[in-house]
Amino acid sequence: MPSNKSVSDAAITQFINCRILRDHRLQRDDLWVREGKVLDPEKLFFDEKGYADKLVDCEGSIIAPGFIDVQINGGYGIDFSQASDDVSSGVSFVAKKILQHGVTSFCPTLVTSPPAVYHKVLPQIKVSDGGEHGAGVLGFHLEGPFISVEKKGAHPEQFLRTFQSGGIEDLMEAYGGLDNIAMVTLAPELGGSQSVVKELCQRGITVSLGHSVANLSQAEEAVHHGASFITHLFNAMLPFHHRDPGIVGLLTSDQVPAGRTVYYGMIADGIHTNPAALRIAHRAHPSGLVLVTDAITAMGLPPGRHTLGQQVIEIQGLHAYVAGLNAAYQPPTTCSACTKTLCGSIATMDMCVRHFKHASGCSVEEALEAASLHPAKLLGISHKKGNLDYGSDADLVLLDDALNVEATFISGEEVWRKGP
Amino acid sequence: MRLVILDDYDLASEWAAKYIRNRIIQFKPSAERYFTLGLPTGSTPYGCYKKLIEFYRSGDISFKYVKTFNMDEYVGLPRAHPESYHSYMWNNFFKHIDIDPANAHILDGNAEDLETECQAYEQKIAEAGGIELFVGGIGPDGHIAFNEPGSSLVSRTRVKTLAKDTIVANARFFGNDLNKVPTMALTVGVGTVMDAKEVMILITGAHKAFALYKAIEEGVNHMWTVSAFQQHPRTIFVCDEDATLELRVKTVKYFKGPSSTDDAE
């Protein structure tokens, strides 16, 4: 009899023949799950005299916490920033597809858009648990419109905004409300932005700095007021300069309040950041690195032209560029000095994990934590996600030694498995 | 008494594990008739547990119809503490085998009433039909379980205050902070172990050599409580060469006679 039922009647699953990521190490140990959460088997044994109802043989695979993507704009033809009447089926479609990349929770991201789009799209999506239907929604990541003109990247200039009436009111007016928002990216050099940073943080919304020409002091002031993330480090910000490191300087700033960590997003697709730059950032501040896909509509689609927010983009291999406004689009030259505006990536999260490990030379554990533990800590949800501690949600990804996804589980239930 | 001497720790662990395995198999345990096993903790039996787990994994043995009774547990240490004997048994043995959790008995050092807990434990052993084979170790001061020097040789399961030597020896498991080391423990008595049908004592390492000498070459004495087993009808001492360093050459030669080590097969 599996248990004396003194604590629960529910079925107990034991994952065997696996290596699990626990205490920052891959350990040869079994993983126990009950009622969607990781279970302490020693307590089960001694307190409940219980053992497993069901065994899942992992055949030597690695079990890591499910990946968490805090910056994803769409995929498989879906563009979250497109104001449709049925945003939720688009989000659900992507949520289901990304399970195969090992992503079990994500923040649907909207690029700079007019108020009408926000007012239409935001109310349609709520924070929700994942499951067979797809990865869990942690809340929106609103990237813009309160960003810098000089660093707009692929964002449409006509919809950028500044804080006019005194900060948070502008935000409310632009977005229509702050429910189901997990994160906001803004430029801290904008007048009135610091009070907005403070207010958003007080409401439990993560504030990220990005698409900005802020200097280091402005960035540090924002961190002082609660900002805790940098949106796609190096991209859409001033380059590192040895007398004013700008936002990049936050990685080694001594002004970060004690006990707090500044996290930074890295698009580790081999394109957005030169591997040498990735290594510099990683070595300077390894515990803050958060892998993001910044995936766009075209992720998962074949090469060609697709829409992103209010703009049109062109796919070539793993590169995605802003298409010219004129119909005759010039093919890219091989000259890397030519300015071509990148606009998001089409690499999947598991590709990013593999690339990050390869480019940085980091350990398997570090690569996995950059996609799970770190984003969970960033969003303040590490008490239940991003790790395999007893009591955490059993959102899991089974991987082979090369970190290819073999299967994905949410709340202990298998939601995707690689075909033969 | 049998004294089985193996060349080193690994061989001694393997011999002991094989002996336990064979005894269980020969007993043919079933739902009507469980094999009751008394178990120790510490660094000495560690290798033996590893071997038993190997035998389980290769299908040589099942613990489905085995009931276990551990010798001791600290008082007042949270059960989940990494140094508790519950943690030791879970991590080094129980989690790797197929024993029914209801059949794995360990004294509860956090029980409301320690006296009652001890009496209940004796009761459970009696209800299980007594212990078939009690496996134990020996301390450098010759103690078995926590029956420190001066313990009655007919003692039963009870609360014991630990000797200063034991507390100091244990400090290394508690960050070398003497204040963190438990000062009391629940332990089976010498008498409790003597009641078992058969007793097997594992002794390895040169630091145990003097205790082994006192236990088998000198008289029965409550200052070296393991010596009580000189009066048990079926006792085996399993040791490595180093543990015999304080014995008379004559004793060792006698026990190393022609067929002394082959019984385990």
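Residues numbered from 1 in each chain as written. Chains lettered and ligands numbered in written order. Predicted model: local features only at pLDDT ≥ 70, side-chain atom pairs only at ≥ 80, totals over all residues. Heavy atoms only, no water.

Quick word on the UniProt feature "binding site: Zn(2+)" (unreviewed entry) in chain A
All names here are of chain A.
Then, in step 1: The UniProt record annotates "binding site: Zn(2+)" (unreviewed entry) at Glu143, His211 and His232. In summary, the annotated positions, though distributed over 90 residues, converge in three dimensions, the widest C-alpha pair being only 10.9 Å.
Then, in step 2: Mapped onto the elements, His232 comes out in the loop between strand 16 (229–230) and strand 17 (263–266).
Then, in step 3: Relative accessible area serves as the criterion here: at 5%, His232 is assigned to the buried category.
Then, in step 4: Here the side chain of His232 touches Glu143 through a polar contact of 3.2 Å, side chain to side chain. (UniProt positions renumbered as here; feature names shortened; annotations may be inferred. Helix = DSSP H or I, 4+ residues; strand = E, 2+ residues; numbered from the N terminus. Buried < 20%, exposed > 50% of the residue type's maximum accessible area, 1.4 Å probe, protein only. Polar contact = N/O pair within 3.5 Å; in protein donor to acceptor, adjacent residues only side chain to side chain.)

Focus on the interface of chain B and chain A
Then, in step 1: If you look at the interface, chain B gives 12 residues, while chain A gives 10 residues.
Then, in step 2: Overall, the association of chain B and chain A removes approximately 1,100 Å² of surface from exposure, summing both partners, and the carbon and sulfur fraction of that is 66%.
Then, in step 3: Considering only the surface of chain B that becomes buried against chain A, Arg79, Trp90 and Pro101 of chain B emerge as the three largest contributors, covering 61% of it.
Then, in step 4: Linking chain B with chain A are 2 salt bridges, by the criterion used here.
Then, in step 5: Residue Asp47 of chain A pairs with Arg79 of chain B through a salt bridge whose shortest N-O separation is 2.6 Å.
Then, in step 6: In this assembly, chain B and chain A are joined by 3 residue pairs in polar contact (both at pLDDT 80 or more).
Then, in step 7: When residues in the side of chain B that touches chain A are grouped by element, the largest group, 3 residues, is from helix 3 (residues 85–92) of chain B.
Then, in step 8: Residues of the side of chain B that touches chain A, tallied by class, amount to 7 nonpolar, 2 polar and 3 charged. (Contact = heavy atoms within 4.5 Å. Buried area = accessible area lost by both parts, 1.4 Å probe. Salt bridge = Lys/Arg side-chain N within 4 Å of Asp/Glu carboxyl O. Nonpolar A, V, L, I, M, F, W, Y, C, P; charged D, E, K, R; others polar.)

Describing the sheet that holds strand 7 (residues 158–161) of chain B
Residues and elements named next belong to chain B.
Then, in step 1: With antiparallel pairing, the 3 strands of this open sheet are ordered in space as 4-8-7. For this open sheet the edge positions go to strand 4 (72–74) and strand 7, each flanked by a neighbour on one side alone. Mean inter-strand twist for the sheet, computed between neighbouring axes without regard to direction, equals 25°. (Pairing = 2+ DSSP bridges. Axes fitted to C-alpha atoms, helices over the stretch in contact; angles between N-to-C directions.)

Concerning the environment of Asp254 of chain A
Residue and element names in this part refer to chain A.
Then, in step 1: Along the polypeptide, Asp254 turns up in the loop between strand 16 and strand 17.
Then, in step 2: For Asp254, a relative accessible area of 67% corresponds to the exposed category.
Then, in step 3: The sequence separation of Asp254 and Glu220 amounts to 34 residues, and the corresponding C-alpha distance is 9.2 Å.
Then, in step 4: Within the local environment of Asp254, its side chain forms a polar contact with the side chain of Gln255, the two groups lying 3.0 Å apart.

As for helix 3 of chain B
Then, in step 1: Along helix 3 of chain B, 7 of the 8 residues are buried, which leaves the element largely enclosed by surrounding structure.
Then, in step 2: All buried positions along helix 3 of chain B are accounted for by Tyr85, His86, Ser87, Tyr88, Met89, Trp90 and Asn92 of chain B.
Then, in step 3: In this fold, the buried residues of helix 3 of chain B make contact with helix 1 (41–48) of chain A together with strand 2 (35–39), helix 2 (46–57), strand 3 (66–70) and strand 4 of chain B.

With respect to the layout of surface pockets
Then, in step 1: The space that makes up the largest pocket amounts to roughly 1,200 Å³.
Then, in step 2: For the largest pocket, the lining is made up of 46 residues, of which Gln14, Asp30 and Trp32 of chain A together with Lys95 and His96 of chain B are closest to its centre.
Then, in step 3: For the lining of the largest pocket, the elements supplying multiple residues, two or more each, are strand 1 (12–16), strand 3 (25–28), helix 1 and strand 6 (54–57) of chain A together with helix 2 and helix 3 of chain B.
Then, in step 4: In terms of residue count, the dominant contributor to the lining of the largest pocket is helix 1 of chain A (5 residues).
Then, in step 5: Of the voids in this model, the second largest pocket is the one considered here, and its volume is about 910 Å³.
Then, in step 6: Thr41, Gly42, Ser43, Tyr85 and Asn170 of chain B are, among the 34 residues lining the second largest pocket, the residues nearest its centre.
Then, in step 7: Taken together, the elements giving at least two residues each to the lining of the second largest pocket come down to strand 4, helix 3 and helix 5 (164–170) of chain B.
Then, in step 8: A per-element tally of the lining of the second largest pocket places helix 5 of chain B first, with 4 residues.
Then, in step 9: Partitioning the lining of the second largest pocket into residue classes produces 16 nonpolar, 12 polar and 6 charged. (1 Å grid on protein atoms, 1.4 Å probe; cavity = no way out; pocket = protein on both sides within 12 Å on 5 of 7 lines; lining within 4 Å. Points joined across faces, edges and corners; volume = space filled by probe spheres on them.)

Some remarks on the environment of Thr231 of chain A
Residues and elements named next belong to chain A.
Then, in step 1: One can find Thr231 in the loop between strand 16 and strand 17.
Then, in step 2: Under the relative-accessibility criterion, Thr231 is labelled buried at 0%.
Then, in step 3: Along the sequence, Thr231 and Val184 sit 47 residues apart, while their C-alpha atoms lie 9.7 Å from each other.
Then, in step 4: In contact with Thr231, not counting residues within four places along its chain, are Gln71, His141, Glu143, Thr185, Ser208, Leu209, Gly210 and Met237.
Then, in step 5: One polar contact links Thr231 to Thr185, side chain to side chain, over a distance of 2.7 Å.

Focus: the sheet that holds strand 4 (residues 31–34) of chain A
Residue and element names in this part refer to chain A.
Then, in step 1: On the basis of which strands lie adjacent, the open sheet formed by 4 strands has the order 5-4-1-6 and mixed pairing. If you trace the sheet from one side to the other, it starts and ends with strand 5 (37–38) and strand 6, each paired once.
Then, in step 2: Pairing of strand 1 with strand 6, which is carried by 4 bridges, proceeds in the parallel orientation. Bridge pairing in strand 6 places Thr13 opposite Lys54.

Quick word on the environment of Leu178 of chain B
Residue and element names in this part refer to chain B.
Then, in step 1: Its location among the elements puts Leu178 in the loop between helix 5 and strand 8 (184–187).
Then, in step 2: Residues Leu178 and Ala126, 52 residues apart in the sequence, show an inter-C-alpha distance of 37 Å.
Then, in step 3: If near-sequence neighbours (up to four positions away) are discounted, Leu178 is found in contact with Ile167, Val168 and Ala171.

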